Number of protein chains: 2
Amino acid sequence: MDQEFTSQVLENAVTELSRLPGIGRKTALRLALHLLRRDEREVTALGEAIIRLRRDICYCRECHNISENDVCAICASPLRDHRTVCVVENVKDVMSIENTGQYNGVYHVLGGLISPIDGIGPDSLEIASLVERVEKGDIDEVILALSSTMEGDTTNFYIFRRLGACEVKLTQLARGMSIGNEIEYTDEVTLGRSLLNRVPFTDSFKTN
Amino acid sequence: MDQEFTSQVLENAVTELSRLPGIGRKTALRLALHLLRRDEREVTALGEAIIRLRRDICYCRECHNISENDVCAICASPLRDHRTVCVVENVKDVMSIENTGQYNGVYHVLGGLISPIDGIGPDSLEIASLVERVEKGDIDEVILALSSTMEGDTTNFYIFRRLGACEVKLTQLARGMSIGNEIEYTDEVTLGRSLLNRVPFTDSFKTN
């Protein structure tokens, strides 16, 4: 599309907006024309929020989660259990786990998963810093909370090997049927694993 | 969705982004996390382009198209034919017509169409200013380039009535089969109108 813009300012805004993922020039133009009709205060607030986002957010020195300070709110909190570390792929996964309300430990954000096809090796991830944290000896349990995919499994196994020498309890998320799912619609691999890893019935009454 | 944000700056950016049309909180979060991974210069450019958009763009005193000055580039151009005025619904339609490369006159942007259901009457639109432009007597032809919908037809007819007393040529866009369309896939109303408004075969060789 080679739109003839009558305004340089508009064209510039459309170009910048269309750099966002999933937003083409048509959508960018629609967004820009929408913004033109809004209150100036509201549009300025959006622009400033975007600028502040990248300027004011850094990464926590401890767990590599996003943070506005050197150490994030979770790592700095005395109310959290600092002897339990949950290893996750990214910042979004921290939010997902926080939203469950079932976890009171701290995190370690890897920043990705091992994926040789995409050229992501262990050295591109925050694995060395995880080993270092564990080797300090202040941690009782490391929970591997990675996706149940080839990359997740590879990363799990790599971390398992690296932490082999450390005296730390290593656990991973339970895998099986989703809560609320019917047997009929559960895929066969998951169903097979759920059978193999069946647990005593009384365990299902467990709560945190 | 009640995401637990670990950062106030992130939450603020997500809230502002999700005010955009078609962007919910999930997409806003995805965009924000994308921006966090980008170069700071690039993100600042986006924020500033948005702020400038609303601050620096105003509307042309003559045609009500968007402009960075009191009078837009088209109205100010001595190369355009100022005796032909094309009446369009909005700014986007100006761009669409400019993109055809077939028009060298000036524009008049109504800012909408008459739509009693949506509470839009003639007074909410730039119709009085159009009549005023025509009454000055410097215009030879007014081209009605509005959508072929109920609202477009209503607005066309209203303008036709308002300009009735003026000595000006009033035309509207040709309606008929789309170029490249097959008879089989042309809807019946359009096909019927194309039959009724058939033109001499030699006219199809006309070019601008």
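Scope of this entry: the structure provided in the associated data block.

### Section: the overall build of chain A
Of regular secondary structure, chain A possesses eight helices and six strands. Its helices and strands taken in sequence order, chain A reads α-α-α-β-β-α-β-α-β-α-β-α-β-α from the N to the C terminus. Whereas a compact globule of 208 residues would reach a radius of gyration of roughly 17 Å, chain A reaches 23 Å, over 25% beyond that. Seen through its principal axes, chain A has C-alpha atoms that stretch 70 × 45 × 35 Å. When the 208 residues of chain A are sorted by exposure, 40% land in the buried category. Across chain A, every contact between residues at least 6 apart in sequence was considered, and the portion connecting residues at least 24 apart equals 48%. Taken as two groups, the 23 positive and 32 negative side-chain charges of chain A have centres that lie 2 Å from each other.

### Regarding the interface of chain A and chain B
In this assembly, 54 residues from chain A lie in contact with 54 residues from chain B. Approximately 5200 Å² of surface area, both sides summed, lies buried where chain A meets chain B, with 70% of it carried by carbon and sulfur atoms. Inspection of the region where chain A meets chain B yields zero salt bridges. For the pair chain A and chain B, the number of links is eight residue pairs in polar contact (both at pLDDT 80 or more). Among the elements of the structure, helix H1 (8–17), helix H2 (25–37), helix H3 (40–56) and helix H5 (91–100) of chain A are those that each provide at least two residues to the side of chain A that touches chain B. Looking at the side of chain A that touches chain B, the element that brings in the most residues is H3(A), giving 16 residues. Of the residues contributing to the side of chain A that touches chain B, the split by class is 27 nonpolar, ten polar and 17 charged.

### Observations concerning the packing of aromatic side chains
For the structure shown, the criterion picks out four aromatic pairs over all chains. Aromatic pair A:Tyr103 and A:Tyr107: ring centres 5.2 Å apart, planes at 65°, arrangement edge-to-face. With a relative accessible area of 16%, A:Tyr103 lands in the buried category. For the pair B:Phe157 and B:Phe160, a centre-to-centre distance of 5.9 Å together with 35° between the ring planes defines the contact as tilted. In this pair, B:Phe157 and B:Phe160 both sit in helix H7 (residues 150–162), three residues apart, roughly one turn of the helix. Exposure remark for B:Phe157: the relative accessible area of 48% places this residue in the partly exposed category. Assessed through its relative accessible area of 45%, B:Phe160 is described here as partly exposed.

### Quick notes on the sheet that holds strand S3 (residues 81–88) of chain B
Residues and elements named next belong to chain B. With parallel pairing, the four strands of this open sheet are ordered in space as S4-S3-S5-S6. With one partner strand each, in any of the chains shown, strand S4 (105–109) and strand S6 (169–172) form the two edges of the open sheet. Each adjacent strand pair in this sheet contributes to an overall mean axis angle of 25°, direction not counted.

### Thoughts on the packing of helix H6 (residues 127–135) of chain A against helix H7 (residues 150–162) of chain A
Residue and element names in this part refer to chain A. Interhelical geometry of H6 versus H7 gives an angle of 40° and a closest axis separation of 11 Å. Relative to H7, the element H6 is oriented oblique. By crossing handedness, the relation of H6 to H7 is classed as right-handed. Across the interface between the two elements, Ile 127, Ala 128, Leu 130 and Val 131 from H6 touch Thr 155, Tyr 158, Ile 159 and Arg 162 from H7.

### A look at helix H5 (residues 91–100) of chain B
Owing to its 3.6 residues per turn, the α-helix aligns residues three or four sequence positions apart on the same side. Residue and element names in this part refer to chain B. Among the residues making up H5, those that are buried are Val 91, Val 94, Met 95, Ile 97 and Glu 98. Down the axis of H5, the buried set is contained in an arc of 170°. They therefore lie on one face. By the N-cap criterion, in which a side-chain oxygen at the helix start approaches the backbone nitrogen of a residue two or three places on, H5 is capped by Asn 90, the distance to Lys 92 being 3.2 Å. Directly beyond the C-terminal end of H5, a positive phi value near 70° is found at Gly 101.

### Some details on empty space enclosed by the protein
Residue and element names in this part refer to chain A. Within this structure, the stated rule accounts for two cavities of 30 Å³ or more. Roughly 60 Å³ of volume is contained in the largest cavity. Residue assignment for the lining of the largest cavity shows that the elements contributing at least two residues are H2 and H3. Ranked by residues supplied to the lining of the largest cavity, first place goes to H3 with three residues. Taken together, the residues that form the lining of the largest cavity break down as four nonpolar, one polar and four charged. Within this model, the second largest cavity holds a volume of roughly 50 Å³.

### Some remarks on the relation of the copies chain A and chain B
Of the two same-sequence chains, chain A is brought onto chain B (RMSD 0.1 Å, axial shift 0.0 Å) by a rotation of 180°. What we have between these two chains is a two-fold relation. For chain A, the minimum C-alpha distance to the rotation axis belongs to A:Gly47 and amounts to 2.0 Å. Mapped onto chain B, 100% of the interface residues of chain A again fall at the interface, so both copies present the same surface.

### Observations concerning the pattern of salt bridges
Residues and elements named next belong to chain A. Enumeration over the complete set of coordinates arrives at 18 salt bridges over all chains. A salt bridge links Arg 38 to Glu 42, with the shortest nitrogen-to-oxygen separation between them at 3.3 Å. Judged by its relative accessible area of 34%, Arg 38 falls in the partly exposed class. Between Arg 80 and Glu 98 there is a salt bridge, with its nearest N and O atoms 2.8 Å apart. Residue Arg 80 is located in the loop between helix H4 (73–76) and strand S3 (81–88), and its partner Glu 98 is located in helix H5; the two are separated by 18 residues in the primary sequence.

Thresholds, definitions, all that
- Residues numbered from 1 in each chain as written.
- Chains lettered and ligands numbered in written order.
- Predicted model: local features only at pLDDT ≥ 70, side-chain atom pairs only at ≥ 80, totals over all residues.
- Heavy atoms only, no water.
- Helix = DSSP H or I, 4+ residues; strand = E, 2+ residues; numbered from the N terminus.
- Rg over C-alpha atoms; globule rule 2.2 N^0.38 Å.
- Buried < 20%, exposed > 50% of the residue type's maximum accessible area, 1.4 Å probe, protein only.
- Contact = heavy atoms within 4.5 Å.
- Lys, Arg positive; Asp, Glu negative; His and termini not counted.
- Charge placed at Lys NZ, Arg CZ, Asp CG, Glu CD.
- Buried area = accessible area lost by both parts, 1.4 Å probe.
- Salt bridge = Lys/Arg side-chain N within 4 Å of Asp/Glu carboxyl O.
- Polar contact = N/O pair within 3.5 Å; in protein donor to acceptor, adjacent residues only side chain to side chain.
- Nonpolar A, V, L, I, M, F, W, Y, C, P; charged D, E, K, R; others polar.
- Phe/Tyr/Trp six-rings, centres within 6.5 Å; stacked < 30°, edge-to-face > 60°.
- Pairing = 2+ DSSP bridges.
- Axes fitted to C-alpha atoms, helices over the stretch in contact; angles between N-to-C directions.
- Parallel < 35°, antiparallel > 145°, perpendicular 65-115°, else oblique.
- Left-handed = near helix turned anticlockwise from the far one by under 90°.
- Arc of directions from axis to C-beta.
- 1 Å grid on protein atoms, 1.4 Å probe; cavity = no way out; pocket = protein on both sides within 12 Å on 5 of 7 lines; lining within 4 Å.
- Points joined across faces, edges and corners; volume = space filled by probe spheres on them.
- Least-squares fit on C-alpha atoms with pLDDT ≥ 70 in both.

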